[in-house]
Amino acid sequence: MKFPALTSALVAAFTVATGPSAHAAVTVLGNGVAHSCFEFAEYGGNPTDGVATCTFALEQTTLSVRDRAATFVNRGILRARKDDAEGALADYDRGLAMDASLAEGYVDRGAVMIVLRRYDDAVAEIDKGISLGAARLQIAYYDRGIADEALGNIRAAYEDYKKAAEIQPDFRLALDQLSRFRVVRHGE
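Residues numbered from 1 in each chain as written. Predicted model: local features only at pLDDT ≥ 70, side-chain atom pairs only at ≥ 80, totals over all residues. Heavy atoms only, no water.

**Student:** Looking at this structure, how should I read the overall build of the protein chain?
**Tutor:** Along the backbone of the protein chain there are 9 helices and 2 strands. Its helices and strands in sequence order give the protein chain the pattern β-α-α-α-α-α-α-α-α-α-β, from N to C terminus. Looking at the protein chain residue by residue over its 188 residues, the buried ones come to 49%. If you take every contact in the protein chain between residues at least 6 apart in sequence, the share linking residues at least 24 apart comes to 60%. Accessible surface computed for the protein chain: about 9200 Å², of which carbon and sulfur atoms make up 51%. (Helix = DSSP H or I, 4+ residues; strand = E, 2+ residues; numbered from the N terminus. Buried < 20%, exposed > 50% of the residue type's maximum accessible area, 1.4 Å probe, protein only. Contact = heavy atoms within 4.5 Å. Areas by Shrake-Rupley, 256 points an atom, 1.4 Å probe, with all protein chains shown as cover.)

**Student:** Teacher, can you tell me more about the packing of aromatic side chains here?
**Tutor:** The geometry of an aromatic ring pair is captured by two quantities: the separation of the ring centres and the angle between the planes. The tally for this structure, following the rule as stated, stands at 5 aromatic pairs. Between Tyr-142 and Tyr-161, the ring centres sit 6.0 Å apart and the planes meet at 45°, which makes this aromatic pair tilted. Within this pair, whereas Tyr-142 is found in helix α7 (residues 137-150), its partner Tyr-161 is found in helix α8 (residues 154-167), the two being separated by 19 residues in sequence. What links up through ring pairs into an aromatic cluster is the set Tyr-142, Tyr-158, Tyr-161, Phe-171 and Phe-181. (Phe/Tyr/Trp six-rings, centres within 6.5 Å; stacked < 30°, edge-to-face > 60°.)

**Student:** I tried to follow the pattern of salt bridges on my own but got confused; where do I start?
**Tutor:** Think of it this way: side chains of opposite charge can pair up when their charged atoms draw near. Evaluated as defined, the whole model comprises 11 salt bridges. Close ionic contact of Glu-42 with Arg-136 constitutes a salt bridge, the shortest N to O distance being 2.4 Å. Of this pair, Glu-42 sits in helix α1 (residues 33-43) while Arg-136 is found in the loop between α6 (119-131) and α7, placing the two residues 94 residues apart along the sequence. On the basis of relative accessibility, which here comes to 26%, the residue Arg-136 falls in the partly exposed class. (Salt bridge = Lys/Arg side-chain N within 4 Å of Asp/Glu carboxyl O.)

**Student:** Quick question: what am I supposed to make of the packing of helix α4 (residues 85-98) against helix α5 (residues 103-115) here?
**Tutor:** Where α4 contacts α5, the two axes come as close as 10 Å, and the packing angle between them is 155°. On the basis of their axis angle, the class for α4 and α5 is roughly antiparallel. With respect to the hand of their crossing, α4 and α5 are arranged in left-handed fashion. Here Ala-85, Ala-88, Leu-89, Tyr-92, Asp-93 and Leu-96 of α4 lie close against α5, whose contacting residues are Gly-105, Tyr-106, Asp-108, Arg-109, Val-112, Met-113 and Val-115. Here the residues of the contact of α4 with α5 are counted per class, giving 9 nonpolar, 1 polar and 3 charged. (Axes fitted to C-alpha atoms, helices over the stretch in contact; angles between N-to-C directions. Parallel < 35°, antiparallel > 145°, perpendicular 65-115°, else oblique. Left-handed = near helix turned anticlockwise from the far one by under 90°. Nonpolar A, V, L, I, M, F, W, Y, C, P; charged D, E, K, R; others polar.)

Now the structure itself:
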């Protein structure tokens, strides 16, 4: 049986989907400032206030190595929301240097690589996050789909968006991307 060929629903010209990439915060337990930083990264709010909260946690509180690493990753998410890709990347790098097991950090770093148009690097980072067992695989597959599509790997992009939607059937970002594709059999 031949595998279906994929064709973008856009007929005129291929346009890379540069929709919003998604981020996944790293949980910091407790009631302290580092946990507040996590809540900003996870649930939203003013990213400037979130960055300030995370910075205070990093500079003024005693944290375990894991929580310090997670706080850097979470501050990176907030910097990315402020369109500070370089600052976000620096925070992800610092956090992952402290705790290389933070799978979400690789996925988030991959999202920033997409913004920086470093698509091959994005795929590699996201693959590492997936291999380490990222908790929010739907985000990882969605972001990797964006990078795949930017690289011209349309079939892989489709499969990644589809996987993201299978993991979370109401994941609107993935569903919106899938709506642009149609599957056809060879010879049709």
